[in-house]
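So you can see what is in the structure, the chains are spelled out below.
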Amino acid sequence: MRNESLTPEAIPDSLVGFTPPTSPASSRHADGTLVDKYGRHVNYVRLSITDRCDFRCSYCMAEEMTFLPRAQVLTLEECLRLASAFVDLGVTKLRVTGGEPLVRQNVIWLLERLAVLPGLKELVMTTNGSQLDRFASALLAAGVKRINISLDTLRAERFKAITRVGELAKVLRGLDAAQAAGFQGLKLNTVMMRGTNDDEFPEMVEFAVERGIDISFIEEMPLGEIGHGRQSTYISSEEARARLAERFVLLPSAESSGGPARYWRIPGSSTRVGFISPHSHNFCDSCNRVRITARGELYPCLGNNDASHLLPLLRAHPTDDRPLRAAIVHSMGIKAKGHDFSNQMNTPQVVRFMSMTGG
């Protein structure tokens, strides 16, 4: 199965000349920053540097994948140009994703340069952990501040079934390496799937507490045709939290990591337990992020198909970033007010795989 997205919808004529409302009379944000037509300030970019992955997680992609030709993927230099343009426009947080970002050759070269962009406050990464035992120390030295590690089970056979090809022991070695390297900001990301890993939620929290790291439970999202519907496997954050409350005291917290997770604290522990609820309680009203795919598409909303193609601009204007910056600003005009996954669990309207958009 090909890893491709729908052809992005064209920008409506009424928005071709869209300029964010950043006048002092209408916005609290400074001129030149990214503000959409609903007044939301975009200061967080998730940048996918590859669509390739060494796992084939069942909820993320099809088992048989045809990945993008190299010529259609952003070069590392183009990734750096894109990130620089966003930071110049007020973005302060950049998350590097994939596919699996650590399978991209020379990724450390890129990270070292991203980390020193003037104005960038946070360079973070999401990884499946398979390569962390090799790269943990280099990531810290390059300037990566925090790492999210996707981990849906602590049982080796179940891990193999979910990832189709992955080895749990390798991921756990990567987590060990990240902790040994000195990373303070480590978090596990667990996609909740009824009948697959829902019996492990308390065990996953115990594991995080023992390690002194955070964990977030994520509602499964209907992105891409994966051969089965998600309605039967969907679990809400409320149900998961109720299950955990049978074993743990969970105190609500106002803390934020700059993303969509809502956190709870366990007394006597440094661990935060987060819930990311794109289905049951979407976080659209406060959405502060956009996503760049590995082929340079800017998706203002994960749950919509509207996008802007930035790769042609990068290549048509190799020494002039003004057209790129203008396209980014105009793209704020197509950022949707929100998404609704309620009627899409068995028939996704967004057919691109999660691995393409980078989560």
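As the structure is a prediction and not an experimental result, all values here were calculated from the model.

*Asks:* Help me out: how do you make sense of the sheet that holds strand 9 (residues 272-276) in this one?
*Replies:* Pairing between sheet strands relies on hydrogen bonds along the backbone, with the strands arranged either parallel or antiparallel. The strand order across the open sheet formed by 12 strands is 7-8-9-6-5-4-3-2-1-10-11-12, and the pairing between neighbours is mixed. Whereas interior strands pair on both sides, the edge strands pair on one side only; in this sheet they are strand 7 (251-252) and strand 12 (308-309). In terms of strand pairing, strand 2 (residues 93-97) meets strand 3 (residues 122-127) through four bridges, oriented parallel. Bridge pairing in strand 3 places leucine 94 opposite leucine 123. Contacts from helix 2 (residues 107-115) reach strand 2 and strand 3 within the one sheet, and its direction differs from that of strand 3 by about 150 degrees.

*Asks:* Before we go on, may I ask you to explain the packing of aromatic side chains in this structure?
*Replies:* Note on aromatic pairs: each is described by the distance of the centres and the angle between the planes. Overall, the coordinates contain three aromatic pairs when judged by the stated rule. Seen in terms of ring centroids, phenylalanine 201 and phenylalanine 217 are 5.1 Å apart; in terms of plane orientation they differ by 55 degrees. Their pairing is tilted. In this pair, phenylalanine 201 sits in helix 6 (residues 201-211) while phenylalanine 217 sits in strand 6 (residues 214-219), placing the two residues 16 residues apart along the sequence. The exposure class assigned to phenylalanine 201 is buried, which follows from its relative accessible area of 1%. Of the residues examined, phenylalanine 217 reaches a relative accessible area of 0% and is grouped as buried. Judged by centre distance (5.9 Å) and plane angle (25 degrees), the ring pair of phenylalanine 217 and phenylalanine 275 falls under stacked. Placement of phenylalanine 217 in strand 6 and of phenylalanine 275 in strand 9 is noted, with a sequence separation of 58 residues between them.

*Asks:* Is there a simple way to explain unusual backbone geometry in this structure?
*Replies:* For residues other than glycine, phi is negative in most cases, and the peptide bonds are mostly trans. With an omega of 20 degrees, the peptide bond running from glycine 98 to glycine 99 counts as cis. Positive phi is not limited to glycine here, since asparagine 106 has a value of about 65 degrees. With respect to the element layout, asparagine 106 can be found in the loop between strand 2 and helix 2. Positioned with a positive phi, arginine 164 is a non-glycine residue whose angle comes to about 70 degrees. Structurally, the position occupied by arginine 164 is in the loop between helix 4 (156-163) and helix 5 (168-181). Arginine 164 sits in the partly exposed class, given a relative accessible area of 24%.

*Asks:* I'm lost on helix 2 in this one. Help?
*Replies:* Taken residue by residue, helix 2 has Val107, Ile108, Leu110, Leu111 and Leu114 as its buried positions. Around the axis of helix 2, the buried residues are gathered within 155 degrees of arc, so they sit on the same side. Contacts from the buried residues of helix 2 go to helix 1 (76-88), strand 2, strand 3 and helix 3 (132-142).

*Asks:* Can you walk me through the confidence of the model for the protein in this structure?
*Replies:* Regions with low pLDDT should not have their predicted coordinates read in detail. Of the residues in the protein, 79% have a pLDDT of 70 or more, and the chain-wide mean is 84. Ignoring residues within four places in sequence, the model shows residues 1-18, a span with pLDDT below 50, making 51 contacts including any to other chains. In the model, residues 20-29 has pLDDT below 50 throughout and makes 18 contacts with residues more than four positions away in sequence or in other chains.

*Asks:* Would you mind showing me how to read the UniProt feature "binding site: [4Fe-4S] cluster 2" (unreviewed entry) in the protein here?
*Replies:* The positions UniProt marks with the feature "binding site: [4Fe-4S] cluster 2" (unreviewed entry) are Cys284, Cys287 and Cys301. Look at the named residues: they lie 18 residues apart in sequence, but the longest C-alpha span between them is just 9.0 Å, so in the fold they bunch up. One can find cysteine 284 in the loop between strand 9 and strand 10 (289-292). Within the element layout of this structure, cysteine 287 appears in the loop between strand 9 and strand 10. Not counting chain neighbours up to four residues away, the residues in contact with cysteine 287 comprise Arg40 and Lys335.

Calculation criteria
- Residues numbered from 1 in each chain as written.
- Predicted model: local features only at pLDDT ≥ 70, side-chain atom pairs only at ≥ 80, totals over all residues.
- Heavy atoms only, no water.
- Pairing = 2+ DSSP bridges.
- Helix = DSSP H or I, 4+ residues; strand = E, 2+ residues; numbered from the N terminus.
- Contact = heavy atoms within 4.5 Å.
- Axes fitted to C-alpha atoms, helices over the stretch in contact; angles between N-to-C directions.
- Phe/Tyr/Trp six-rings, centres within 6.5 Å; stacked < 30°, edge-to-face > 60°.
- Buried < 20%, exposed > 50% of the residue type's maximum accessible area, 1.4 Å probe, protein only.
- Arc of directions from axis to C-beta.
- pLDDT = per-residue confidence, 0-100.
- UniProt positions renumbered as here; feature names shortened; annotations may be inferred.

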